[in-house]
Amino acid sequence: MLITAPAAVGKSTAAEYMSSYLRCPILDLSNLQVGDGTLDGMASKSLGIRRNAQFQEALVESKATLLIDALDEAEVRSGQANFRAFVRGVADTASQVTGDRPSLVILSRAESSRVIQETFNDRKLQFVHFEIRPFGRDQSERYLERKVTDVYRNQGKESLHIKHTQPYSKARDTLFTVLASAMTQNKEDFWDDSEVRDFLGYAPVLDVAAEYLAVDNFANLGGSPIGSSEGGLGHWDLVANVIDQLLLREQSKFVKQFHEVEDFKRYGTPQLLPILYTPEEQCARLLDYVENMGLDLDLPASLPVNIRDSYETATDTQLSNHPFLRGEGWFNVIFRDYVTARAQSSASTSAEAAKRIRSNVLSAEWKHSPMYAFFSFSLGKSASGESSACHSEDLGALYESFKSACETDDRLVTSIGRAGNRLVAGFTITRGDTAAIGPLHFVTHEGTLSITFPRELSHINIWDVPEVILGGDRSSFKFGPGVYIACADLMVSASELQVYVGRDFSPVLLNIKSLISEGVKIQGDPSDVILICEEYLGFPWSKYQRKLDLGGLAADAREGSALYLEFRRIVLRFKDAKDGEAAVYQPMMDNLVVGTNKRARTILDYLQDIGCVKLARSMYLLDLASFAKLGISRSQLRDLEKSDAAHKISRDLLGFAKRTP
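Worth saying up front: this structure is predicted, and the values here are computed from it rather than measured.

Draft legend 1. Structural view of the overall build of the protein chain. Secondary structure summary: the protein chain contains 26 helices and 25 strands in total. Considered along the principal axes of its C-alpha atoms, the protein chain spans approximately 110 × 60 × 45 Å. When burial is assessed residue by residue, the protein chain has 53% of its 661 residues classed as buried. Relative to all contacts within the protein chain whose residues are 6 or more apart in sequence, the contacts with residues 24 or more apart total 66%. As displayed, the protein chain offers around 29900 Å² of accessible surface, 48% of which is attributable to carbon and sulfur atoms. Of note, the protein chain has its 74 positive side-chain charges centred 3 Å away from the centre of its 87 negative side-chain charges.

Here you go:
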């Protein structure tokens, strides 16, 4: 009988239970270096010659059972040649069995069991194969209850979840719901989803969940990582913690076995153990194994030359049995996105490897999910927790990931701008007039100032960015609604642009210094796109190009034009509210529309200074009567109509900016 399961599902626990129930011995391979004759040798050593002879006879007649546990760990410790010799010995014993019940019960991770299956099939030996699956809902709840009891006991506390069953059950169900939201938007029947069930029913996930539930007051869990703190994303720290614990567990198991390899005994030292098979190395190896990225996988620098071949062999074996894998693919998308985000944020990842990962994540083949963005934010967070660090080329993938988190009526609002030698970005998912998620802020690594968006942009403000690339390896790119880009160089690699202005008919506005594109077809009316560029542009861009000349000296004219465009962007953010007023939600205006954009802040201050805008009850209110005195309508602003009023506003804005510190 062959029993397989992913890591940490409970193979050893199952072996101990069966041993107790059947009153049979366990051959635990986790502490052995196996080879030819190990099976007979260990039985003889443990039982003695006479009792072993009786036991072997009972095995052949199916009147006794031997449990063999941790086959996968023996493969790492022993090396391929010795491991295969051990498997042949097991097959030799199995071939002598004449009874009709299993005499040998072998427990292993799936990949290491393939050698057993191939050997038995080659010899036409019968065996049955079972897989230990993650728990279902009822099993998960029972397991979690026992684990919470253990946590309380270890803390020397009373088991409050048994005494207060209703508050505990409510907290437990809330925990399951927020963890399930990592994979599905279905908040009612998520246990029916096999991928969600496999994740929630995974024992290591439940072990960490028990730590969060063993509290003094279940009502206080609303402010914990399973509540709605940190813009509704606190539970991602819980998920990341679970995955991190699994990586550390894998490292511990590997180190335990590799420590006993002959080459390490001869040339290694205990000081090397902490640098072996680290979580960062596992993530890089997993990406290379599943996604075939061709990464440069550098071995630990201090690893002696005489150990390196053995180390590579052992890591290949351990990796094929990794708990994040199912066969040659990912166990689920949560593990894929955590591994990707961690590899990108790791200081040990080479620049070339990080570039390959970014290219893969931005490609058309990569299916985006919300987990990548949330894990990226969690793993790169600053000490204050207010922002997260990333490469500028990651922003396009973050945009795609956040976009995939949006439900039907949600809107992703994004702002990206330059701050010195870095870019700052903010992402908020709004639902109606409120922020459902965010704002989440990212600051790029120093000197990284170029961004790529692979397939679409909507409701985004980009200012003072040196280079923006649209298209990636996709042939089509979608614009709108609500797009404003001010950059030095705009490169369009897509062969087709589709422009959608939305219900407010606000054109896509591109304010650039130079444009690089070849053979682009634009699907959109001339009124749907406004392109402002200092150089003359040929077809098809000439159809959309406009000159914005608000007069004055050259330097002042450029700054006045830039301020006027920001003025236009800010004013058009206001939507009609009640009679005589338009409104915009204050946190959204401050955090996303304005953000760190100094020109935008100047515009908002100017509008407040002249009495057009006031702040009331978390809303910025635009007084339409006061605005009308400026002599320009919002429709004229939208279409960038030239007028004397526009020139005056530009001059006033420039003067206000010079007076304002």
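There is more to say, and it comes next.
Draft legend 2. Just a nonpolar patch on the surface, in detail. Together, Tyr17, Tyr21 and Leu22 give the surface a local cluster of nonpolar side chains, amounting to about 410 Å² of exposed area. In this fold, Tyr21 is placed in helix H1 (residues 11–22).

Draft legend 3. Looking closely at the environment of Arg153. With respect to the element layout, Arg153 can be found in helix H7 (residues 137–154). Note on Arg153: relative accessible area 54%, which makes it exposed. When the C-alpha positions of Arg153 and Arg558 are compared, they lie 70 Å apart, and in sequence the two are 405 residues distant.

Draft legend 4. Just the nonpolar core, in detail. Counting residues in each nonpolar core, the largest one holds 132 residues, and the members touching the most others are Phe453 and Phe479. Broken down by element, this core gets its largest block of residues, eleven residues, from helix H13 (residues 235–258). Sequence-distant contacts of Phe453, that is, excluding residues within four places in its chain, are made with Gly396, Tyr399, Ile416, Ile460, Ile462, Val468, Ile469, Leu470, Gly471, Gly472 and Phe477. Listed in part, the 37 residues of the second largest apolar core include Ala582, Val584, Val613 and Leu653.

Draft legend 5. Spotlight on helix H3 (residues 49–60). Taking 1.5 Å of rise per residue, the twelve residues of H3 would be expected to cover 16 Å, and the 17 Å separating its terminal C-alpha atoms lies within 8% of that figure. Those residues of H3 not exposed but buried are Asn52, Phe55, Ala58 and Leu59. The buried residues of H3 all sit within an arc of 120 degrees when viewed along its axis, so they share a single face. The exposed residues of H3 that point more than 90 degrees off its buried face are Ile49, Arg50 and Gln54. Buried residues along H3 sit against helix H2 (38–47) and strand S3 (66–69). Ser62 sits one or two residues past H3 and shows a positive phi near 60 degrees.

Draft legend 6. Main features of the packing of helix H9 (residues 165–180) against helix H11 (residues 203–213). At a minimum axis separation of 11 Å, H9 and H11 run at an interaxial angle of 135 degrees. The orientation of H9 relative to H11 falls into the category oblique. For the pair H9 and H11, the crossing hand works out as right-handed. Residue-level contacts link Tyr168, Ala171, Arg172, Leu175, Phe176 and Leu179 of H9 to Val205, Leu206, Ala209 and Leu213 of H11. Taken together, the residues that form the contact of H9 with H11 break down as nine nonpolar, no polar and one charged.

What counts as what
- Residues numbered from 1 in each chain as written.
- Predicted model: local features only at pLDDT ≥ 70, side-chain atom pairs only at ≥ 80, totals over all residues.
- Heavy atoms only, no water.
- Helix = DSSP H or I, 4+ residues; strand = E, 2+ residues; numbered from the N terminus.
- Buried < 20%, exposed > 50% of the residue type's maximum accessible area, 1.4 Å probe, protein only.
- Contact = heavy atoms within 4.5 Å.
- Areas by Shrake-Rupley, 256 points an atom, 1.4 Å probe, with all protein chains shown as cover.
- Lys, Arg positive; Asp, Glu negative; His and termini not counted.
- Charge placed at Lys NZ, Arg CZ, Asp CG, Glu CD.
- Patch = residues over 30% accessible without salt bridge, like charges linked within 9 Å, V, L, I, M, F, W, Y side chains within 5 Å.
- Salt bridge = Lys/Arg side-chain N within 4 Å of Asp/Glu carboxyl O.
- Core = buried A, V, L, I, M, F, W, Y, C linked by side-chain atoms within 4.5 Å.
- Expected span 1.5 Å × (residues − 1).
- Arc of directions from axis to C-beta.
- Axes fitted to C-alpha atoms, helices over the stretch in contact; angles between N-to-C directions.
- Parallel < 35°, antiparallel > 145°, perpendicular 65-115°, else oblique.
- Left-handed = near helix turned anticlockwise from the far one by under 90°.
- Nonpolar A, V, L, I, M, F, W, Y, C, P; charged D, E, K, R; others polar.

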